[in-house]
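Given next are the chains, with one letter for each unit.
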Amino acid sequence: MRRGALIRGGAGMVAAVGFMLAVGAWRSGDLPWQQQVTETVGTRGADLESMSWQLTSHEGERVSPQSWIGQTSLVFFGFTWCPDVCPMTLLNISDWLEELGPDADGLAVHLVSVDPERDTPEVLADYLSNFDPRISGLTGSPDEVARAADDFNATYRRVPRDDGDYTVDHTAGVMVFDPDGRLSSIIDLHDDPKFAVPKIRRAMEREV
Amino acid sequence: MLKSTAAALVLATILPASAFAECVEVTQGNITVSAAWSRATIGTERPAVFYVTIRNDGGSDERLVGIETPVADMPMLHESVMENGAARMSHVDQIVIAPIDAVSLEPGGYHGMLMDLQTELVEGTTFPVTLLFEKSGPVTIDTAVLPLRAREAACEEAL
Ligand SMILES: [Cu+2]
């Protein structure tokens, strides 16, 4: 269990592959409209309403997926011991928030830690104080984090190092959920930055 | 008079672009190393990073085969790679710099991974990193510690 939310079972695998294919098609522009993406993805990982995880924020508050309904949410997985990719993602998001200006007020941004052993709420708070204050951190027990990753269709894997320390491989994209709680798009690490903000705006526009 | 106006004009044009100081550059043989930077750390438990630009003015490949620094007991060359949407870091044995070309160790790609950190890296300080090249030998450069939220070197590259 503690080894993480590696996809469990065949059904999960099929869903994950379907999800990746859908996202790939989305990125390559093969899918003309979003409806089709949501159909391909199914509900798992695509709909906050159907998720059941519970995590603790860096401020010590219990958070559930249903509490995000009503606002656009950006969600990504990472950990504070991650020296390269995670700061980069945090900085990218800070840039998007800046570009969105006052429009970003209706936006919630969440980093879900894939390293609950080291990333306690206090550690997350300390680390995130170096970045945009609108980015919140979420962590929990190893089982709670595994549950969340499973719900989001995210994967992570603890990789031991020679010196007894470890690092964690993890899903790196930023998931964008619209105010109805549906997955609107995924912004990849190496996506052209000029497409990121339009993706977020598209999710926000569903706010009617 | 005319001359000083012209000079002022030139200065005014140049200034916005060079709000930062010029990057420290170290040249040895055909290799020039510049814009070495790192991010501040919280304590010493987390690994730190090392980013740098390497230029090869020679006529054949050069290879970066390792790094050394007094601030970390286990420095390594790493690359962040994406596989099926997941990010992982892998150890790289060498980084090839083609003739008349430059390679940057930069966020999201190649980086020096400074593990078993011996000292907290404090913003505003510098520390030495020695790059080990196959042909040009060791080249040591002062590395600037930038804030945790830095995304690039805080200097102008003369490349
Ligand atoms: Cu690394």
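The structure reproduced in this document is the subject of the present report. On a predicted model such as this, the values are computed, not experimentally measured, just so you know.

The subject of this paragraph is the interface of chain A and chain B. Counting from both sides, the interface comprises 28 residues of chain A and, opposite them, 28 residues of chain B. The junction of chain A with chain B conceals about 2,400 Å² of combined surface from both sides, 57% of it contributed by carbon and sulfur atoms. Interface area lost by chain A to chain B is led by Trp 81, Pro 83 and Asp 84 of chain A, which between them contribute 27%. A per-element tally of the side of chain A that touches chain B places helix α3 (residues 85–100) of chain A first, with 6 residues. By residue class, the composition of the side of chain A that touches chain B is 12 nonpolar, 9 polar and 7 charged. Examined bridge by bridge, strand β7 (residues 166–171) of chain A and strand β6 (residues 86–91) of chain B share 2 bridges and lie antiparallel to one another. When the sheet's bridge partners are listed, Thr 171 of chain A is paired in β6 of chain B with Ala 86 of chain B.

All right, on to the coordination of the copper ion then. Residue and element names in this part refer to chain B. For the copper ion, the protein coordination sphere consists of His 78 (ND1), Met 89 (SD), His 111 (NE2) and Met 113 (SD), at 2.1 to 2.4 Å. Here the donor residues of the copper ion are spaced in sequence according to H-x10-M-x21-H-x1-M. Note that His 78 is positioned in strand β5 (residues 72–83) and His 111 in strand β9 (residues 110–117), a separation of 33 residues in sequence. Exposure class is identical for His 78 and His 111. Each is buried.

Once that is clear, we can look at the nonpolar core. Membership of the largest hydrophobic core comes to 34 residues, with the highest contact counts inside it found for Trp 53, Trp 68, Phe 77, Phe 152, Met 175 and Phe 177 of chain A. Of all the secondary structure elements, the ones that give two or more residues to this core are β3 (72–78), α3, α5 (142–151), β7, β8 (174–177) and β9 (183–187) of chain A. The leading source of residues in this core is α5 of chain A, at 4 residues. The next biggest cluster of nonpolar side chains, apart from the first, holds 28 residues, and it includes Ile 31, Ile 54, Ala 72 and Val 103 of chain B.

Here we come to the state of the cysteines. Considering all chains together, one arrives at 2 disulfides over all chains under this definition. Linked covalently through their sulfurs, Cys 82 of chain A and Cys 86 of chain A form a disulfide whose S-S length is 2.3 Å. Disulfide Cys 82 of chain A to Cys 86 of chain A: torsion about the S-S bond roughly 95°, handedness right-handed. Look at Cys 86 of chain A and you get buried, because its relative accessible area is 4%. Residue pairing for Cys 23 of chain B: its cysteine sulfur links by disulfide to Cys 155 of chain B, the two sulfurs lying 2.0 Å apart. A torsion of 90° about the S-S bond marks the disulfide between Cys 23 of chain B and Cys 155 of chain B as right-handed. A residue pair is termed long-range when its members are at least 10 positions apart, and Cys 23 of chain B in the loop between α1 (2–14) and β1 (25–28) and Cys 155 of chain B in the segment after β11 (137–146) qualify at 132 residues. Of the two residues, Cys 23 of chain B and Cys 155 of chain B, neither departs from the other in class, the shared state being buried.

To continue, consider the packing of aromatic side chains. Aromatic ring pairs are defined here through the distance separating the ring centres and the angle between the ring planes. If you walk through the whole model with that rule in mind, you get 7 aromatic pairs over all chains. Residues Trp 53 of chain A and Phe 152 of chain A carry aromatic rings whose centres are separated by 5.7 Å and whose planes lie at 35° to one another, so their mutual orientation is tilted. Of this pair, Trp 53 of chain A sits in the loop between α2 (34–41) and β1 (55–57) while Phe 152 of chain A sits in the loop between α5 and β6 (156–160), and the two are 99 residues apart along the sequence. We classify Trp 53 of chain A as buried; its relative accessible area is 0%. Phe 152 of chain A sits in the buried class, given a relative accessible area of 0%. Ring geometry for Phe 77 of chain A and Phe 152 of chain A: centres 5.7 Å apart, planes at 70°, overall edge-to-face. Of the two residues, Phe 77 of chain A is situated in strand β3 and Phe 152 of chain A in the loop between α5 and β6; the sequence distance between them amounts to 75 residues. The class of Phe 77 of chain A is buried, set by a relative accessible area of 2%. Sitting over the face of the ring of Tyr 166 of chain A, Arg 118 of chain A holds its NZ or CZ atom 3.8 Å from the ring centroid. Here the basic side chain of Arg 46 of chain B rests over the ring of Trp 81 of chain A, its NZ or CZ set 4.2 Å away from the ring centre.

Cut-offs applied
- Residues numbered from 1 in each chain as written.
- Chains lettered and ligands numbered in written order.
- Predicted model: local features only at pLDDT ≥ 70, side-chain atom pairs only at ≥ 80, totals over all residues.
- Heavy atoms only, no water.
- Contact = heavy atoms within 4.5 Å.
- Buried area = accessible area lost by both parts, 1.4 Å probe.
- Helix = DSSP H or I, 4+ residues; strand = E, 2+ residues; numbered from the N terminus.
- Nonpolar A, V, L, I, M, F, W, Y, C, P; charged D, E, K, R; others polar.
- Pairing = 2+ DSSP bridges.
- Donors = N, O, S within 2.8 Å, 3.2 Å for Na, K, Ca; no water.
- Buried < 20%, exposed > 50% of the residue type's maximum accessible area, 1.4 Å probe, protein only.
- Core = buried A, V, L, I, M, F, W, Y, C linked by side-chain atoms within 4.5 Å.
- Disulfide = S-S within 2.5 Å.
- Phe/Tyr/Trp six-rings, centres within 6.5 Å; stacked < 30°, edge-to-face > 60°.
- Lys NZ or Arg CZ within 6 Å of the ring centre and 35° of its normal.

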